[in-house]
Amino acid sequence: MKAMIFAAGLGTRLRPLTDNMPKALVPIAGKPMLERVILRLKEAGFDDITVNIHHFGQQIVDFLQAHGNFGVDIHISDERNELLDTGGGIRQAMPYLDGKEPILIHNADILSDIDLKALYRHHQESNADATLLVSHRKTSRYLLLDDSLLLRGWINKQTGEVRPEGFDPHATELQEYAFGGIHVISPTLFRLMDEGSWTGKFSIIPFYLSVCRRIRIQGYPLQGFHWFDIGKPETLILAEAYCQNTEFLKE
């Protein structure tokens, strides 16, 4: 099974920790974020993993080589010349990702104990084009899903901006969810990127919103699991405590 890890971020929210290292190598309870995500993916059965790099990218390459790629096939999608954001990053990595099977995408700075295999299986069984981990977490920007958990639109509560163009968030009753940084995509999305001339640097969420009226993009609500955005100092501390307690209980 194929997966991709976004490890190219600048990590500006974690400065000064990221002044001399990539965010993906910032340790959580003694173990780098990237290592934790790779091991979680490996445990779930993913054996073909693409990692994109930019900020201090060579450190990531050296780290993976020093650990024998943790026993899985790892490809490097090199963005050191230009950081391409999430959508552009997926597009850049297409030679490693394209094929007949879905791909699980995982941010390096997301720590969770969600059942990744169950998420992947749900995507396959529901015949969706994309499945997004979502939650009722408080944020300023929400994905708007209908009763079938299909993506219909997006709203920025601070600015009032809505997407896609012409979308009326009040026309029907929709549920507000925050995106959780983990999603599964089918190769059909690559064809739509080609059709829409999505190239260079772009975020994946605007792309999803541009095609959500044509294809099935569904939410997968986070229920009964822990989830941390460890790209922020305050949640980094919480994640440290969670990992230390969890690993202590396993001993």
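In this report, we go over the structure that sits alongside the text. (Residues numbered from 1 in each chain as written. Predicted model: local features only at pLDDT ≥ 70, side-chain atom pairs only at ≥ 80, totals over all residues. Heavy atoms only, no water.)

Glancing now at the pattern of salt bridges. Counted under the stated rule, the structure contains 10 salt bridges. Note that Lys23 is salt-bridged to Asp109, the shortest N-O span being 2.8 Å. Separated by 86 residues along the polypeptide, Lys23 in the loop between strand E1 (2–6) and strand E2 (27–28) and Asp109 in the loop between strand E6 (103–107) and strand E7 (110–112) bring together distant segments of the chain. As far as burial versus exposure is concerned, Lys23 and Asp109 are alike and both buried. Between Lys157 and Glu176 there is a salt bridge; the shortest N-O distance is 2.7 Å. Within this pair, whereas Lys157 is found in the loop between strand E10 (151–156) and strand E11 (162–163), its partner Glu176 is found in strand E12 (residues 175–185), the two being separated by 19 residues in sequence. (Salt bridge = Lys/Arg side-chain N within 4 Å of Asp/Glu carboxyl O. Helix = DSSP H or I, 4+ residues; strand = E, 2+ residues; numbered from the N terminus. Buried < 20%, exposed > 50% of the residue type's maximum accessible area, 1.4 Å probe, protein only.)

Right, let's talk about the side chain of His55 for a bit. Secondary-structure assignment places His55 in the loop between strand E4 (48–53) and helix H2 (57–66). Given the relative accessible area of 18%, His55 is considered buried. If sequence neighbours within four positions are ignored, His55 has contacts with Ala8, Gly9, Leu10, Thr18, Met21 and Pro22. (Contact = heavy atoms within 4.5 Å.)

We now examine the pairing of E6. Counting buried residues in E6 gives 5 out of 5 residues, a clear majority hidden from the surface. By the alternation rule, side chains of E6 split into Ile103, Ile105 and Asn107 and Leu104 and His106, which are all buried. Judged from the 5 bridges that link them, E1 and E6 form a sheet pairing that is parallel. Residue pairing across strands places Lys2 opposite Ile103, the latter belonging to E6. Pairing geometry for E6 and E12, over 4 bridges, is antiparallel. Directly across from Ile105, in E12, lies its bridge partner His183. (Pairing = 2+ DSSP bridges.)

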